[in-house]
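# Observations on the model geometry
So you can see what is in the structure, the chains are spelled out below.
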Amino acid sequence: MSKSADEIVYGLRREYLEKISAEGNRIDGRKFDETRQAVVNINFVPRAEGSAEVRLGDTRVLVGVKVEQGVPFPDTPNSGILTTNAEMLPMASPTFESGPPSEDAIELARVVDRGIRESKMIALDKLVIKEAEKVWVVFIDMHILDYDGNLIDACSLGAVAALLNAKVPASKIGAEDYPLPINHVPITITFAKIGSIMVADPNLEEEEVASARLSVATNENGDVVAMQKGLSGSITQQELFSAVDTSIKLGKDIRKRVLGR
Amino acid sequence: MGTQSDIKLINEEGLRNDGRKFNELRPIRIEVGVLNRADGSAYIEWGGNKVLVAVYGPREAFPKHTQNPSRAIINARYNMAAFSVDERKRPGPDRRAIEISKVISEALEVAVFTEQFPRTSIDVYIEVLQADAGTRIAGLTAASVALVDAGIPMKDMVVGCAAGKIDGKVVLDLNKEEDNFGQADLPMAIIPRTDEIVLLQMDGNFSREELEQAVELSKKAATYISNLQREALMAKYKSQEPEKEGERSE
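Moving on to the overall build of chain A. Check the secondary structure of chain A and you find 5 helices and 12 strands. Computed over C-alpha atoms, the radius of gyration of chain A comes to 19 Å, within 12% of the 18 Å expected from 2.2 N^0.38 for 261 residues, which places it in the range of a compact globule. Dimensions of chain A, computed from C-alpha atoms along their principal axes, come out at roughly 65 × 40 × 35 Å. Of all 261 residues assigned to chain A, the portion counted as buried reaches 46%. When contacts within chain A are restricted to residue pairs at least 6 apart in sequence, those whose partners lie at least 24 apart make up 69%.

On to helix 1 (residues 5-22) of chain A. Look at helix 1 of chain A: 26 Å from first C-alpha to last across 18 residues, which is about the 26 Å you get at 1.5 Å a residue. Remark: A:Gly24 follows helix 1 of chain A within two positions and exhibits a positive phi of approximately 95°.

To continue, consider the interface of chain B and chain A. On the chain A side, the residues contacting the 30 residues of chain B number 28 residues. The set of elements that each furnish at least two residues to the side of chain B that touches chain A consists of helix 1 (95-111), strand 9 (196-206) and helix 4 (208-239) of chain B. Looking at the side of chain B that touches chain A, the element that brings in the most residues is strand 9 of chain B, giving 11 residues. Of the residues belonging to the side of chain B that touches chain A, the class tally is 14 nonpolar, 6 polar and 10 charged. Pairing analysis gives 4 bridges linking strand 12 (residues 224-230) of chain A to strand 9 of chain B, with the strands arranged antiparallel. If you follow A:Gln228 over to strand 9 of chain B, its bridge partner there is B:Gln201.

All names here are of chain B. Between its terminal C-alpha atoms helix 1 stretches 25 Å, which fits the 24 Å expected from 17 residues at 1.5 Å a residue. Among the 17 residues in helix 1, 12 count as buried, and that is most of the element. Within the sequence span of helix 1, burial applies to Glu99, Ile100, Ser101, Val103, Ile104, Ser105, Glu106, Ala107, Leu108, Glu109, Val110 and Ala111.

Glancing now at the confidence of the model for chain B. Per-chain confidence: chain B averages 93 in pLDDT, with 95% of residues scoring 70 or above. The ipTM for the predicted assembly is 0.82, set against a pTM of 0.89.

Two measures define how a pair of helices packs: the angle their axes make with one another and the distance between the axes. All names here are of chain B. Between helix 2 (residues 135-149) and helix 4, whose axes approach to 10 Å, the crossing angle comes to 35°. As helix 2 runs across helix 4, the sense of the crossing is right-handed. For the pair formed by helix 2 and helix 4, the contact residues are Thr141, Ser144, Val145 and Val148 on the first element and Ile225, Gln229, Ala232 and Leu233 on the second. For the contact of helix 2 with helix 4, the class distribution of residues is 5 nonpolar, 3 polar and no charged.

Another point: the nonpolar core. Within soluble globular proteins, side chains that are nonpolar generally end up buried alongside one another. Ranked by size, the top nonpolar core spans 152 residues in total, and within it A:Cys155, B:Val53, B:Val124, B:Ala142, B:Ala143 and B:Ala146 carry the most contacts. Ranked by residue count, the leading element in this core is helix 3 (residues 151-164) of chain A, at 11 residues.

Here we take up the sheet that holds strand 7 (residues 169-172) of chain B. An order of 10(A)-9(A)-11(A)-12(A)-9(B)-8(B)-6(B)-7(B) is seen for the 8 strands of this open sheet, with the pairing classed as antiparallel. Both edges of this open sheet fall to strand 10 (197-200) of chain A together with strand 7 of chain B, since each of them pairs with a single strand only. Going across the sheet, the axis of each strand differs from the next one's by a mean of 20°, ignoring polarity. Alignment of strand 6 (residues 159-166) of chain B against strand 7 of chain B, held across 4 bridges, turns out to be antiparallel. The partner of B:Ile166 across the bridge, within strand 7 of chain B, is B:Lys169. Sheet strands touched by helix 1 of chain B: strand 12 of chain A together with strand 8 (184-191) and strand 9 of chain B. Its angle to strand 9 of chain B, the strand with the most contacts, is close to 145°. Its contacts with the sheet put helix 2 of chain B on strand 6, strand 8 and strand 9 of chain B, and the angle it makes with strand 6 of chain B is roughly 160°.

Rules used throughout
Residues numbered from 1 in each chain as written. Chains lettered and ligands numbered in written order. Predicted model: local features only at pLDDT ≥ 70, side-chain atom pairs only at ≥ 80, totals over all residues. Helix = DSSP H or I, 4+ residues; strand = E, 2+ residues; numbered from the N terminus. Rg over C-alpha atoms; globule rule 2.2 N^0.38 Å. Buried ≥ 20, exposed ≤ 12 C-beta atoms within 10 Å, placed from the backbone. Contact = placed C-beta atoms within 7 Å. Expected span 1.5 Å × (residues − 1). Nonpolar A, V, L, I, M, F, W, Y, C, P; charged D, E, K, R; others polar. Pairing = 2+ DSSP bridges. pLDDT = per-residue confidence, 0-100. Axes fitted to C-alpha atoms, helices over the stretch in contact; angles between N-to-C directions. Left-handed = near helix turned anticlockwise from the far one by under 90°. Core = buried A, V, L, I, M, F, W, Y, C linked by C-beta atoms within 7 Å.

This is the structure in structure tokens:
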């Protein structure tokens, strides 16, 4: 069976990354549990009710939060609404295509949403204008601008930063604007499995050769609030719990150092 | 997880609203070879879940650009019938179904020897006829059986199981009400032979200790469910054993 040049290069790259990780190294010199530097620039889009631009290494995303009036779901008349969407813009990577959201974009949006929703970050019960009739709807829209791996963490961080600085535009209904009510601050950490090593915050090269991916969202109490395993490889129970421990540790650090919380 | 409520899900005797203990599964029944045209098929009843799975392939992957020159692609499609839930669900794949299809495909890919069938697709159609919490793992558990029925080589069957938290206690296999009013849910799938975790999702709130309990509960249950898968397959082949010579009537 003949192999294409791409596959041969891919195989070599995979072998190389597995080899250096077995020796305790990463391609960009980081430790296994070390994330890239995260830079968060809040209120990048002042017209939005909240926004944040995040650079995680060379990955760059822009998250905008819009808060608008809407009708509550019939089964939750006393709760505002949260909706999350991700746009993997074709400008961000030669592999992204325009058109309806891909499976990857849907999974990305749902994993970010799950971290925020399940941590009960937003006090949705405080977003009711009139019970069963009118509530505030929080739209999180995440634009991927430049793709160098680990969109889940970049988008999660961007969404959390944007929400922390978002306001509810109550002046539109004759009241005063107020900050979006916040309960908790979830942080998501994603790992890529390279050979038998789990590395935190994979860059694109690492992500491309990974056999499995694991994302763990934790809150400030060190509880796990959401998880997602991805890719067609497996992880062991030991890898799972070591990733959970690392996520709790890195989450505390990022919450304080990057978000000042 | 679901909405906050005062509903008590565990009574004074420590039993759940359907009478189960914390580590007890709902009744599970698996049947193999239930469809005629499909290359492999299985039906599972898991509590109130009723899920039908058909496998087609390996067959030429289409459209052509989806073909992988070195292995088969697993194309699982999880679909909920409009009438499977209390409020009619709009037909067609929604975002939830697309995500579930993706994680199920990825889980099965770990088990199947895909490199034996380059350029093909193995299509796994999972139809949820009635939903009662835990449909994805019921579907995945039946899908593994259907793959065996289709004669597709695998290192072992993937087994799904879920654990969660209700009234602050870690329990196995949430039912619909527990899913709606509980505090956490952890669907998981493993390959028993190698002890690999191939599907893992979680939502809600688990402390690290609770998470460990939940994983342990599911892993124990997986061994039991794995036996049910085997028994279901044996039952099919036993029923097909040729009758003894001389006893056959023309």
